[in-house]
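Per-entry structural report
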Amino acid sequence: MVDLAEKEMDNPTFRSDTVLSDVHLHCPSTRHLMVRLNAVGQPVFLSCFKLLWSTEDLASGKHVREITSGREHQCRSGDELCDKDRSNVKKEELTNEGVEALLDDDGDLEVVRRPRSASDLQAEHLLRDIVCPVILMKGKEDAFEDEEQECTCSDVVKIEHTMATPLEDVGKQVWRAAFLLADYILFKRDMFRCCSVLELGGGTGITSIIMGTVAKRVYCTDVGEDLLAMCEQNVALNKHLMEPGGGEIKVKELDWLKDEFCTDPEAPYSWSEEEIADLLDHCSVIMAADVFYDDDLTDALFRTLYRITHNLRNSCTVYLALEKRLNFTLRHMDITCEAYSHFRNTLNDLENLQDGKMKYTVEPIKLDFCQFLVYERIEQL
């Protein structure tokens, strides 16, 4: 037994069967309601994601002034709360001299906690709630009966998604980089107005839905019939957000491991020849959010990106949003970010490509633009 244990410890392996997005764990005042099981037996949840400004405000341009004043006020309030908390802590500090340990009936140590200050109560609404799934006991039509009374249709994005999926199904979850890219779209909405857009790895479709509020046409692409059906359902749930601008979203299959568009009329979410021609003739924006987590898929995406841009009639701008995920690896015995490093290397290869026909330039975007959706904008984004 000892020899076997020593042999096993020579090559320890850690495996995780599921991946869970932080968005699903921490989302202020959000309930995740289970509405059904998908084709592969995974629970599907319906969540409301709050827009800080309604689509009517965005259309009128009011948000520019409101964002500036609102963010400044929030920062000042946060600083004041922190100062008060620090002063309260100093006043309530106690020395350990003469303090006798308190034990409960079982002999366990009882920890005396300091009383909650007024500032704690004032800041309570700023704290993130830990979200727990709620299983629906009624029909989908009544799922958000209460929420509809509290939120107007123009300031909520409704998204069906799954939780804690295997790595191959992470597209069915909602990720922070999708919110970041959506923020940028809303901040620069005049730049995207009336554009023809392609999203690679659209997942649940939330970024395409936001783009659909300003763009003329969005081709939201991914792979897998079950995922694409979920994406199409989300587009239908948020159709009212796109109607004012007349935007259109088409959900299509695009497999990065294949060299051609799927044109089989019998296959769901396939492309027609007219749609391919429309994309190649008019597309001026390509976007992708949080799709760089596997080296092979990253390579495949850049091959697809090159193939499509090479065939476009006009030059285009590509927007890539991602989260730099830090992990401790046994191979390096250090905290690394291998997926991000591979992405940067591949991006550099694309920028240095010289084929006489295409030229790519890469520029980082400063993340000091305004936040329109409720999520945690961490520094790793």
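If you check an unreviewed UniProt entry, the protein appears there as Methyltransferase-like protein 22 from Chloropsis hardwickii. In the Sequence similarities (unreviewed entry) part of its UniProt record, the protein is described as follows: "Belongs to the methyltransferase superfamily. METTL22 family." Comment text from UniProt for the protein, heading Subcellular location (unreviewed entry), reads "Nucleus".

Of all eight residues making up strand β2 (residues 43–50), six are buried, and the element is well covered by its neighbours. Sheet topology note: the β2/strand β4 (residues 156–161) ladder contains six bridges and is antiparallel. Residue pairing for β4: F49 is matched across the bridge by V157.

To describe a pair of aromatic rings, one takes the distance between the centres and the angle between the planes. One pass over the full model with this rule turns up 14 aromatic pairs. Ring centres of F49 and F179 lie 5.3 Å apart, and the angle between their planes is 65 degrees; on these two criteria the pair is classed as edge-to-face. Here F49, found in strand β2, pairs with F179, found in helix α7 (residues 176–187); they are 130 residues apart in sequence, far enough to count as distant. Residue class for F49 comes out buried when judged on its relative accessible area of 1%. With a relative accessible area of 1%, F179 lands in the buried category. Residues Y184 and F192 carry aromatic rings whose centres are separated by 6.4 Å and whose planes lie at 70 degrees to one another, so their mutual orientation is edge-to-face. With respect to class, Y184 is no different from F192; both count as buried. By the ring-pair criterion, three or more aromatic residues cluster together here, those being Y184, F187, F192, Y319 and F369. The aromatic ring of F261 is capped on one face by R307, whose charged end is 5.7 Å from the ring centroid.

What counts and how
The numbering scheme is per chain: residues are counted from 1 as the chain's sequence reads. With the structure being a predicted model, the display of local features is reserved for residues of pLDDT at least 70 and the display and counting of side-chain atom pairs for 80 or more, all residues being used for whole-chain, interface and lining totals. In computing side-chain values, all of the structure's heavy atoms are included and hydrogens and water are not. UniProt positions are given in the numbering used here, feature names are shortened, and annotations may be inferred rather than shown by experiment. Residue exposure (1.4 Å probe, protein chains only): buried if accessible area is under 20% of the type maximum, exposed if over 50%, otherwise partly exposed. Each helix is a run of DSSP H or I of at least 4 residues and each strand a run of E of at least 2, with the numbering of both proceeding from the N terminus. Pairing between two strands is assigned when DSSP locates at least 2 bridges connecting them. Between 30 and 60 degrees the pair is tilted, below 30 it is stacked and above 60 it is edge-to-face, where a pair is any two Phe, Tyr or Trp rings, Trp via its six-membered ring, whose centres lie within 6.5 Å. The criterion for a charge sitting over a ring is simple: Lys NZ or Arg CZ within 6 Å of the ring centre, and within 35 degrees of the ring normal.

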